[in-house]
Amino acid sequence: MTGSMTNPKKILAANWKLNKSPREAQNFVTDFSKAEKLGLDFVFFPSALCAEVFSRSKLEWGLQNTYFENSGAFTGENSAGVAYEMGSRWVLVGHSERRTLFHESDAEIEKKLQRAWNLNMQPILCVGETLSERENGQTLQVLKSQLMAALGNAPESVKVQPLLTVAYEPVWAIGTGKVATTAQVQECHLEIFKILKNLGFSEKTSILYGGSVKPENAGELSKLPHVSGFLVGGASLKVDSLMSIAKNMQN
Ligand code: PGA
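Notes on the structure follow. (Residues numbered from 1 in each chain as written. Predicted model: local features only at pLDDT ≥ 70, side-chain atom pairs only at ≥ 80, totals over all residues. Heavy atoms only, no water.)

Section: the packing of helix H1 (residues 22–34) against helix H11 (residues 239–250)
Part 1 of the argument: Relative to each other, H1 and H11 sit at 40°, their axes nearing to 10 Å. Here H1 lies oblique to H11, going by the angle between them. Like other packed secondary-structure pairs, H1 and H11 cross with a definite hand, here right-handed. In this structure, H1 contributes Phe28, Asp31 and Phe32 to the contact, and H11 contributes Val239, Leu242 and Met243. (Axes fitted to C-alpha atoms, helices over the stretch in contact; angles between N-to-C directions. Helix = DSSP H or I, 4+ residues; strand = E, 2+ residues; numbered from the N terminus. Parallel < 35°, antiparallel > 145°, perpendicular 65-115°, else oblique. Left-handed = near helix turned anticlockwise from the far one by under 90°. Contact = heavy atoms within 4.5 Å.)

Brief notes about unusual backbone geometry
Part 1 of the argument: For the bond from Gln161 to Pro162, the omega torsion is -15°, close enough to zero to count as cis.
Part 2 of the argument: By the secondary structure assignment, Pro162 is in the loop between helix H8 (156–160) and strand S6 (165–168).
Part 3 of the argument: The backbone of His103 sits at a positive phi, close to 55°, despite the residue not being glycine.
Part 4 of the argument: Here His103 is to be found in the loop between helix H4 (96–101) and helix H5 (106–118).
Part 5 of the argument: Judged by relative accessible area, which is 62%, His103 ranks as exposed.
Part 6 of the argument: Positive phi, close to 65°, is recorded for His226, a residue that is not glycine. (Buried < 20%, exposed > 50% of the residue type's maximum accessible area, 1.4 Å probe, protein only.)

Some words on the sheet that holds strand S3 (residues 60–63)
Part 1 of the argument: Here eight strands make up a closed barrel; going around it, the order is S1-S2-S3-S4-S5-S6-S7-S8 and the pairing parallel. The sheet shows a mean angle of 25° between the axes of neighbouring strands, direction not considered.
Part 2 of the argument: Note that strand S2 (residues 41–45) and S3 share two bridges and pair parallel. By the bridge assignment for S3, Val43 is matched with Glu60.
Part 3 of the argument: Helix H9 (residues 182–198) contacts strand S5 (122–127), S6 and strand S7 (206–210) of the sheet and is inclined by roughly 150° relative to S7.
Part 4 of the argument: Contacting strand S1 (11–15), S2 and strand S8 (229–232), H11 crosses the sheet at an angle of about 160° to S1. (Pairing = 2+ DSSP bridges.)

Here we look at the site of the ligand
Part 1 of the argument: What surrounds the ligand is a group of 13 residues, the closest being Lys17, His95, Glu169, Gly175 and Ser212.
Part 2 of the argument: Here an oxygen atom of the ligand sits 3.4 Å away from a polar atom, N or O, in the side chain of Asn15.
Part 3 of the argument: When isolated, the ligand has an accessible area of 280 Å², and the protein chains bury 95% of it. (Near = heavy atom within 4 Å. Polar contact = N/O pair within 3.5 Å; in protein donor to acceptor, adjacent residues only side chain to side chain. Areas by Shrake-Rupley, 256 points an atom, 1.4 Å probe, with all protein chains shown as cover.)

Observations concerning the side chain of Arg134
Part 1 of the argument: Relative to the helices and strands, Arg134 resides in helix H6 (residues 131–135).
Part 2 of the argument: In this structure the side chain of Arg134 is engaged in a polar contact, spanning 3.4 Å, whose partner is the side chain of Tyr168.
Part 3 of the argument: Those residues in contact with Arg134, other than ones at most four positions away along the chain, are Glu129, Thr139, Tyr168, Trp172, Gln184 and Cys188.

Here it is in structure tokens:
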């Protein structure tokens, strides 16, 4: 565990999306277990069919999406309660691919967060603007509205712990190879920090950046104020590139 009493934890989160079979996941876990952990908190978000592999490991993990009801007639959904029973203590909520491809609404995102908190799980709430929102100068407004909708009714207990991590992921930077500039990341992370503070969240709430993070840009981005780690998609699929990102976060 890293992080002093006053600093947010340094987190490196791997979002595997719809990649890897259980066998491939197992190979990754075996290789990763041999690598030096460098004092960072690693968290993995495999596809649901690979959850079993992680439940047998000592690694921290969560699902990429869970439903806000625990069980019942909800064909195709995954239960946060079952994931918890399998050892998951994390969950991704409101990833932009969920918001755009699967039309997840702010109201659903709020309910999914509440469900995670009821189970004492740590959600990573993803927020971020689209390219057209950025070009129209709406970035900070979009971040504020996504955060207020998701966190406006958060219970006091989760604000203090804090039982929340936020990931700033500009939609135009995800999987495109286009990384946000340091000035853009700095501006958005500061804004998120201020909004969380106004809502009463602990200053120890980790704010991650996500969107085309690679070993080559991780060093510079990790030095920015209020950047306490990364949510990584493509570059998290190989142990080598994930560990190079981790190393560059230390330098
Ligand atoms: P990327 O994905 O690193 O492949 O851009 C990040 C994410 O979607 O969380």
